[in-house]
Amino acid sequence: MKKLKALTCYECVVSFKYIWFFYGILYGITAIVTAIVFVATGGRELAGSNGLEFSSMIYMGVMAGLGSRDDFKMMIQNGFTRTYIFLSTFSGFAFIAAVMAAIDTAAGNLMHGITGYHSVFGFLYGYGRFPIFNWSWLFFLYLLVSCLVWLIVLGIRKIGKTASLIGGFSLIIVLFVMVPALFQFVLPAHVVAGIVRTLARMAGFLGGGRINLAYPLLTMAALITAAAAGTYQILKRTELHI
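Just so it is clear, the structure is predicted and the values come from calculations on it, not from any experiment.

Asker: Teacher, can you tell me more about the nonpolar core here?
Answerer: Most often, soluble globular proteins have nonpolar side chains that are buried together. Ile-19, Met-60, Met-100, Trp-137, Tyr-142 and Leu-143 are the most contacted members of the largest nonpolar core, which has 42 residues in total. Those elements giving two or more residues to this core turn out to be helix H1 (2-40), helix H2 (53-77), helix H3 (82-115), helix H4 (120-125), helix H5 (131-159) and helix H8 (214-236). Take this core: its biggest share by element is eleven residues, from H3. Contact partners of Trp-137, with chain neighbours within four places excluded, come to Val-120, Phe-121, Leu-124, Tyr-125, Pro-216, Leu-217 and Met-220.

Asker: Help me understand the packing of H3 against H8 in this model?
Answerer: H8 packs onto H3 with a crossing angle of 145° between their chain directions and a minimal axis gap of 10 Å. Two packed elements cross with a definite hand, and for H3 against H8 that hand is right-handed. Between H3, through Arg-82, Thr-83, Ile-85, Phe-86 and Phe-90, and H8, the contact on the second element is made entirely by Ile-224, Ala-228, Thr-231, Tyr-232, Leu-235 and Lys-236. Its residues placed into classes, the contact of H3 with H8 shows seven nonpolar, two polar and two charged.

Asker: Which parts of the structure should I look at to understand empty space enclosed by the protein?
Answerer: Sizing a probe to match a water molecule and rolling it over the atoms shows the empty space that remains. As enumerated under the stated definition, the model contains three cavities of 30 Å³ or more in all. What lines the largest cavity is simply Asn-109, Phe-121, Gly-126, Tyr-127, Gly-128, Arg-129, Phe-130, Pro-131 and Asn-134. Among the residues forming the lining of the largest cavity, the class breakdown is four nonpolar, four polar and one charged.

Asker: How do you make sense of the confidence of the model for the chain when you look at a structure like this?
Answerer: In regions of low pLDDT, the predicted coordinates are not meant to be interpreted in detail. On average, the chain scores 80 in pLDDT, and the residues at 70 or more come to 83%. Per-element confidence in the chain ranges from a low mean pLDDT of 74 for helix H6 (residues 161-186) to a high of 92 for H8.

Asker: Could you clarify how one ought to interpret the packing of aromatic side chains in this entry?
Answerer: In this description, an aromatic ring pair is defined by two values, namely the gap between the centres and the angle between the planes. In the structure shown here, the tally under the stated rule is 13 aromatic pairs. Note on Tyr-23 and Tyr-27: the rings are 5.8 Å apart at their centroids and 15° apart in plane angle, and the pair reads as stacked. One end of the pair is Tyr-23 and the other is Tyr-27, both in helix H1 and four residues apart, which spans about a single turn. For Tyr-27, a relative accessible area of 23% corresponds to the partly exposed category. Through a chain of ring-to-ring contacts, three or more aromatic side chains come together here, namely Phe-86, Phe-90, Phe-93, Trp-150 and Tyr-232.

Criteria and thresholds
Residues numbered from 1 in each chain as written. Predicted model: local features only at pLDDT ≥ 70, side-chain atom pairs only at ≥ 80, totals over all residues. Heavy atoms only, no water. Core = buried A, V, L, I, M, F, W, Y, C linked by side-chain atoms within 4.5 Å. Buried < 20%, exposed > 50% of the residue type's maximum accessible area, 1.4 Å probe, protein only. Helix = DSSP H or I, 4+ residues; strand = E, 2+ residues; numbered from the N terminus. Contact = heavy atoms within 4.5 Å. Axes fitted to C-alpha atoms, helices over the stretch in contact; angles between N-to-C directions. Left-handed = near helix turned anticlockwise from the far one by under 90°. Nonpolar A, V, L, I, M, F, W, Y, C, P; charged D, E, K, R; others polar. 1 Å grid on protein atoms, 1.4 Å probe; cavity = no way out; pocket = protein on both sides within 12 Å on 5 of 7 lines; lining within 4 Å. Points joined across faces, edges and corners; volume = space filled by probe spheres on them. pLDDT = per-residue confidence, 0-100. Phe/Tyr/Trp six-rings, centres within 6.5 Å; stacked < 30°, edge-to-face > 60°.

Here is the structure:
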């Protein structure tokens, strides 16, 4: 357990020190754009970028994708088991997701009050809710992105580039050609409406203006569990040279 604790602390510390560069660049660019718009319009407009959480999602994905290979090699060469590597990496993702969700929640609500900024959570679910709901939603979202990218990267390295390309093209065809065609030409209208209602409920929209934020959290938790389980199975079979 001491080795697991040390490995987890290492993952958290290494990941934590880079997020300040990310936020410095992100909010620096946002401030410059806002200042330019303010000057150009003579103060009539106070504009900036909305939905900055998308940038955080990209950062989490890049971090999960780039860090997995080198960290795996380093850890396996130093005698850590694959179970420890999985637990420590997952814990590192969760820690960074929690920190970034807290920063984005605080910054989003502050900028909304000052400049009218709209966060992704606020756009979907509105404002005036307890910040813990905003933080929880972002935390699960960022952790889900990390786990999915981690799973994809390990899967590509395990099955090879050729099989990955074939699988990727097949998935694109299914999602953007076959599924839309199935919905439009094959399934009855009431079945399509039922699927849409189910997906909306999974996202927390119950109809009639009612929202239950427990549903999207449970949905993302289930997806995180599935992605993490798949990642662990691949990780147990991953060779050092991959």
